[in-house]
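Below are the chains, spelled out letter by letter.
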Amino acid sequence: MQPGILYATLAYVAWGVFPLYFHQVASVPALEVVMHRTLWSMVLLAAVLVARRQLAWVAELRRQPRVVGAFLLSALLLSVNWLLYVWAVHHQHVVDASLGYFILPLVNVAMGFVFLHERPRPGQWAALAVAAAGVLWLTVQAGRLPWIALVLAVTFGFYGLLRKTAVLGAMEGLALETALLAPLAVGGLAWLAFTGQAAWTQADAATLGWLVAAGPITAIPLLLFAAGARRIPLATMGVLQYISPSLQFGLGVWLFGEEVQPARLAGFMLIWGALVLYTLEGTWKRRRAAR
């Protein structure tokens, strides 16, 4: 399990500092950024697979339409998650985005219970209840559901579930996902250029460099995440996951100057309390088992 924990931790740290990257391409519309992420990730992964002569699995996909369908679904979930996250960062909603990833660990626990028959213990159920209270409080304070947070949590939660049960390895799976989306990305970028709406055709060299860098910046954390998800339980992924939103929350408040009203902060504190409860319960359980 130790390599899996390391891979997942590195992925979450990388995702935690993602707002720094997206502020470098703030002049590019969110949808166009997602297209570049898809295209350059596919180029990078294809080059690595060719260099490693790791392509035998491609021919086998002709006889596995269900596998292709499952990865098409995970690719669509990932693209929706990417698009909303980039939009949130561009529109000064980094704190709202971080809330989605604070909620995600508890979503992972719930999905593990429903789909993988992982049985949460009483302490874990209590953590879920406290987190639900935090979301309810935030909803009451805002007068509406925190939709950015909920959509981010649900889409990435289902993505993680699909990748955990996938038959392909981390690199092959991500290569297939980006390959399935790449025709849409290339077509979209070409259409934007043809109609004169593309930011990339008018961008300076630095911005173009950042857009091309979206390939490794996107692919490496996803590979680490997929490798970790295949090696450790969803519940453990849930505990590690709050590394990312903690970093995002800190960047949103202290670097980008987003305000968090005291009443709204109370909702975040309930969710943080749920994560602390969840972590302490897991630590206590492991120590008892080790005796």
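Small disclaimer: the values here were computed from a predicted structure and weren't measured. (Residues numbered from 1 in each chain as written. Predicted model: local features only at pLDDT ≥ 70, side-chain atom pairs only at ≥ 80, totals over all residues. Heavy atoms only, no water.)

**With respect to helix H10 (residues 205-229)**
One turn of an α-helix holds 3.6 residues; hence residues three or four places apart share an orientation.
Then, number 1: Taking 1.5 Å per residue, 25 residues should reach 36 Å; H10 reaches 37 Å between its end C-alpha atoms and fits that length.
Then, number 2: Remark: the principal bend of H10, roughly 35 degrees, maps to Ala213, with a proline, Pro216, within the next four residues. (Helix = DSSP H or I, 4+ residues; strand = E, 2+ residues; numbered from the N terminus. Expected span 1.5 Å × (residues − 1). Bend = angle between axes of the 7 residues up to and from the residue.)

**Description of unusual backbone geometry**
Then, number 1: One non-glycine residue, Arg53, lies in positive phi territory at about 55 degrees.
Then, number 2: Looking at the secondary structure, you find Arg53 in the loop between helix H3 (30-51) and helix H4 (56-60).
Then, number 3: You can call Arg53 exposed: its relative accessible area is 78%.
Then, number 4: With a phi angle near 60 degrees, Gln92 is a residue other than glycine that sits in the positive phi range.
Then, number 5: Within the secondary structure layout, Gln92 lies in the loop between helix H5 (65-90) and helix H6 (94-115).
Then, number 6: According to the relative accessible area criterion, Gln92 is exposed, its value standing at 52%. (Buried < 20%, exposed > 50% of the residue type's maximum accessible area, 1.4 Å probe, protein only.)

**Thoughts on the packing of aromatic side chains**
Then, number 1: Counted according to the given criterion, the structure contains 19 aromatic pairs.
Then, number 2: Ring geometry for Trp15 and Phe156: centres 5.3 Å apart, planes at 85 degrees, overall edge-to-face. With Trp15 in helix H1 (residues 2-16) and Phe156 in helix H8 (residues 147-164), the pair connects residues that are 141 residues apart, well separated along the chain. The same class applies to Trp15 and to Phe156, which are both buried.
Then, number 3: Here the aromatic rings of Trp15 and Phe225 are separated by 5.4 Å at their centres, their planes lie at 55 degrees, and the arrangement is tilted. Here Trp15, found in helix H1, pairs with Phe225, found in helix H10; they are 210 residues apart in sequence, far enough to count as distant.
Then, number 4: On the basis of relative accessible area, Phe225 is assigned to the buried category, the value being 4%.
Then, number 5: Through a chain of ring-to-ring contacts, the aromatic side chains of Tyr12, Trp15, Phe18, Tyr21, Phe22, Tyr85, Tyr101, Phe156, Tyr159, Trp210 and Phe225 assemble into a single cluster.
Then, number 6: In this structure, Arg37 packs its charged tip against the face of Trp82, placed 4.3 Å from the ring centre. (Phe/Tyr/Trp six-rings, centres within 6.5 Å; stacked < 30°, edge-to-face > 60°. Lys NZ or Arg CZ within 6 Å of the ring centre and 35° of its normal.)

Shape is all these values report; function is a separate question.
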